[in-house]
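The residues making up each chain are set out below.
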Amino acid sequence: MSEQTGPAPSFYEAIGGHETFEALVGAFYAAVATDEPLRALYPESDLGPAAERLRMFLEQYWGGPTTYSQQRGHPRLRMRHQPYAVTPDMRDRWLLHMMSAVDSIHLDPEHDAVLRDYLTRAAYSLVNAPGPLT
């Protein structure tokens, strides 16, 4: 007979839950704070609220608490980013810092690949303005 093990953990649980997402988002926003062009996309003088929103969103998306929706409603990522000119350069800067942040949390290869794939697809989907013509 096989032993009942219960449901598989969510991605959120499997990678370490809140602490892992806190570390990921913290590393990301530490880099954003030093990237002048990317930092200009964030209207608040303190990046703390943006970091909290991103952490809550990612936690919810990956199977953690639903705090994001409780506080802010449906994510509507494209709509929420529409007021900002998200160019291919901004996307690439965002991805550079986010991938570095993913490096910093040292996930196992399978979870790492899944997270990077999602973040890359999300970043590409939010581009809403052309880059400068060269």
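Residues numbered from 1 in each chain as written. Predicted model: local features only at pLDDT ≥ 70, side-chain atom pairs only at ≥ 80, totals over all residues. Heavy atoms only, no water.

1. What about the packing of helix α2 (residues 18-32) against helix α4 (residues 48-61)?
Turning to step 1, where the next piece is worked out: It is the contact of α2 with α4, at a shortest axis distance of 9 Å, that shows an interaxial angle of 140°. If you check the angle between α2 and α4, you find them oblique. Helix-helix and strand crossings are classified by hand; for α2 and α4 the assignment is right-handed. Contact with α2, carried on its side by His 18, Phe 21, Glu 22, Leu 24, Val 25, Phe 28 and Tyr 29, involves Ala 50, Ala 51, Leu 54, Arg 55, Leu 58 and Glu 59 of α4 and no other residues of that element.
Turning to step 2, where the next piece is worked out: The residue inventory of the contact of α2 with α4, partitioned by class, reads nine nonpolar, one polar and three charged. (Axes fitted to C-alpha atoms, helices over the stretch in contact; angles between N-to-C directions. Helix = DSSP H or I, 4+ residues; strand = E, 2+ residues; numbered from the N terminus. Parallel < 35°, antiparallel > 145°, perpendicular 65-115°, else oblique. Left-handed = near helix turned anticlockwise from the far one by under 90°. Contact = heavy atoms within 4.5 Å. Nonpolar A, V, L, I, M, F, W, Y, C, P; charged D, E, K, R; others polar.)

2. Quick word on the packing of aromatic side chains
Turning to step 1, where the next piece is worked out: As enumerated under the stated definition, the model contains 10 aromatic pairs in all.
Turning to step 2, where the next piece is worked out: In textbook terms, an aromatic cluster arises when at least three aromatic residues are bridged by ring pairs, as seen for Phe 11, Phe 57, Tyr 61, Trp 62, Tyr 68 and Tyr 118.
Turning to step 3, where the next piece is worked out: Across the ring face of Tyr 124, the terminal group of Arg 91 is positioned such that the distance to the ring centre comes to 3.9 Å. (Phe/Tyr/Trp six-rings, centres within 6.5 Å; stacked < 30°, edge-to-face > 60°. Lys NZ or Arg CZ within 6 Å of the ring centre and 35° of its normal.)

3. Quick notes on the nonpolar core
Turning to step 1, where the next piece is worked out: With 34 residues, the main nonpolar core has Tyr 29 and Leu 58 as its most contacted residues.
Turning to step 2, where the next piece is worked out: Broken down by secondary-structure element, the contributors of at least two residues to this core are α1 (11-14), α2, α4, α7 (88-105) and α8 (109-125).
Turning to step 3, where the next piece is worked out: Per-element accounting of this core gives the leading share, eight residues, to α7.
Turning to step 4, where the next piece is worked out: Excluding residues that lie within four positions of it along the chain, Leu 58 makes contacts with Phe 21, Leu 24, Val 25, Tyr 118 and Leu 119. (Core = buried A, V, L, I, M, F, W, Y, C linked by side-chain atoms within 4.5 Å. Buried < 20%, exposed > 50% of the residue type's maximum accessible area, 1.4 Å probe, protein only.)

4. Description of α4
The periodicity of an α-helix, 3.6 residues per turn, causes residues three or four places apart in sequence to face the same way.
Turning to step 1, where the next piece is worked out: Between its terminal C-alpha atoms α4 stretches 20 Å, which fits the 20 Å expected from 14 residues at 1.5 Å a residue.
Turning to step 2, where the next piece is worked out: Restricting attention to buried positions, one finds in α4 the residues Ala 50, Ala 51, Leu 54, Arg 55, Met 56, Phe 57, Leu 58, Glu 59 and Gln 60.
Turning to step 3, where the next piece is worked out: Of the residues one or two after α4, Gly 63 is the one with positive phi, at around 105°. (Expected span 1.5 Å × (residues − 1).)

5. Let's talk about the environment of Ile 105
Turning to step 1, where the next piece is worked out: Within the element layout of this structure, Ile 105 appears in helix α7.
Turning to step 2, where the next piece is worked out: The spacing of Ile 105 and Phe 21 is 84 residues in sequence and 8.8 Å in space, taken between C-alpha atoms.
Turning to step 3, where the next piece is worked out: Residue contacts for Ile 105: discarding those within four places in its chain leaves Thr 20, Ala 23, Leu 24 and Leu 115.

6. Focus: α8
Turning to step 1, where the next piece is worked out: Taking 1.5 Å as the rise per residue, α8 with 17 residues should run 24 Å; its terminal C-alpha atoms sit 24 Å apart, in good agreement.
Turning to step 2, where the next piece is worked out: Buried residues of α8: His 111, Asp 112, Leu 115, Arg 116, Tyr 118, Leu 119, Ala 122 and Ala 123, and no others. For α8, the angular spread of the buried residues around the axis is 165°, confining them to a single face. Exposed side chains of α8 directed beyond 90 degrees from the buried face belong to Pro 109 and Glu 110. (Arc of directions from axis to C-beta.)

7. Let's talk about the confidence of the model for the chain
Turning to step 1, where the next piece is worked out: For the chain, mean pLDDT is 89; residues scoring 70 or higher make up 88% of the total.
Turning to step 2, where the next piece is worked out: Looking over the chain, one finds the lowest element-wise mean pLDDT in helix α6 (residues 77-81), namely 61, and the highest in α2, namely 98. (pLDDT = per-residue confidence, 0-100.)

8. Focus on the side chain of Thr 87
Turning to step 1, where the next piece is worked out: Looking at the element boundaries, Thr 87 is found in the loop between α6 and α7.
Turning to step 2, where the next piece is worked out: Dropping the residues within four chain positions of it, Thr 87 is found in contact with Val 127, Ala 129, Pro 130 and Gly 131.

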